[in-house]
Amino acid sequence: MPSIVHYVSAFNSEDTLIKQSDLIDADYVYTQCPVVTHKLSRVFVGISPIDFRLKINGTDIECTHPQYIEYDDQHLKSPKPVVQLVFPKFLFWTHEDNIWFQFTDHPMTALTNNFIAIGGWFNLSNWSRMSSTAITLVDETKPVIIKKGDPLFRVSFHPPNLDEGVILEKEEGVGEREGILQLWLEHHQKSTKDVWKPRLFSKTKAKSKCPVSFLFT
């Protein structure tokens, strides 16, 4: 039986995630391979909703949308600069047990956009959270250039039985979307590492399966 994961867009209400299999030309012979299609149907791609340009020279930053990036000196002084994009941004949650969330880069960004997204994973059933698109530059002498519609990252969801499908459901009602985001933000601001860190990689417990269960009431 398919697992259901819910999400809302926190940047633009129109932003959505696209199944990776829908972005691949069916004329490729490999799309007939069940090993390939099994995975592609469970992977979703985040698409840029805007044109964007970023140039970093040490701590000097030139950006077409400075309000859409987050950074600090420590990250800028990494071996290569690291910043966080706030577009597109999504909040995910699920009612089901032991659904792991995985965030990975998209292979085209290193070639066409001059960045690589930094990946990670955790047990979504234990900790509903916002997506985070931290990027590191490929060539720091060149700018990051993103066109509207470019793929930026991929997300996937892993249930205990990997042979089960995943249904990604977007909550689109304006009032509902805003209410969910506000409730999550209030909870997030009260949380500490002592609360959320032990939940990230642990198995879902029956008593309190989700620390933001108020989303479902």
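Now for a description of the structure that goes with this document. (Residues numbered from 1 in each chain as written. Predicted model: local features only at pLDDT ≥ 70, side-chain atom pairs only at ≥ 80, totals over all residues. Heavy atoms only, no water.)

**Remarks on the side chain of Asn126**
As for its position among the elements, Asn126 is in the loop between strand S11 (120-123) and strand S12 (129-130). At a separation of 2.9 Å, a polar atom in the side chain of Asn126 contacts the main-chain carbonyl oxygen of Ser202. (Helix = DSSP H or I, 4+ residues; strand = E, 2+ residues; numbered from the N terminus. Polar contact = N/O pair within 3.5 Å; in protein donor to acceptor, adjacent residues only side chain to side chain.)

**Considerations on unusual backbone geometry**
Even without being a glycine, Asn98 presents a positive backbone phi close to 55°. For Asn98, the location among the structural elements is in the loop between strand S8 (90-93) and strand S9 (100-105). Looking at Asn98, the relative accessible area reads 16%, which means it is buried. A positive phi is found at Asn114, a non-glycine position, where the angle reads about 70°. Checked against the element boundaries, Asn114 lands in the loop between helix H3 (109-112) and strand S10 (115-117). (Buried < 20%, exposed > 50% of the residue type's maximum accessible area, 1.4 Å probe, protein only.)

**Considering the nonpolar core**
Formed by 36 residues in total, the largest nonpolar core has its most connected members in Leu17, Phe52, Phe92, Val155 and Phe157. Per element, the largest residue contribution to this core is 4 residues, and it comes from strand S15 (residues 151-158). Once residues lying within four places of it in the same chain are set aside, the contact partners of Val155 are Leu17, Arg42, Val43, Phe44, Phe92, Phe101, Gln102 and Phe103. (Core = buried A, V, L, I, M, F, W, Y, C linked by side-chain atoms within 4.5 Å. Contact = heavy atoms within 4.5 Å.)

**Brief notes about the pattern of salt bridges**
Applying the stated criterion to the full structure yields 1 salt bridge. Between Asp139 and Lys142 there is a salt bridge, with the nearest N and O atoms lying 4.0 Å from each other. Owing to a relative accessible area of 25%, Asp139 belongs among the partly exposed residues under this scheme. Judged by relative accessible area, which is 48%, Lys142 ranks as partly exposed. (Salt bridge = Lys/Arg side-chain N within 4 Å of Asp/Glu carboxyl O.)

Read these as layout, nothing more, since geometry by itself doesn't imply function.
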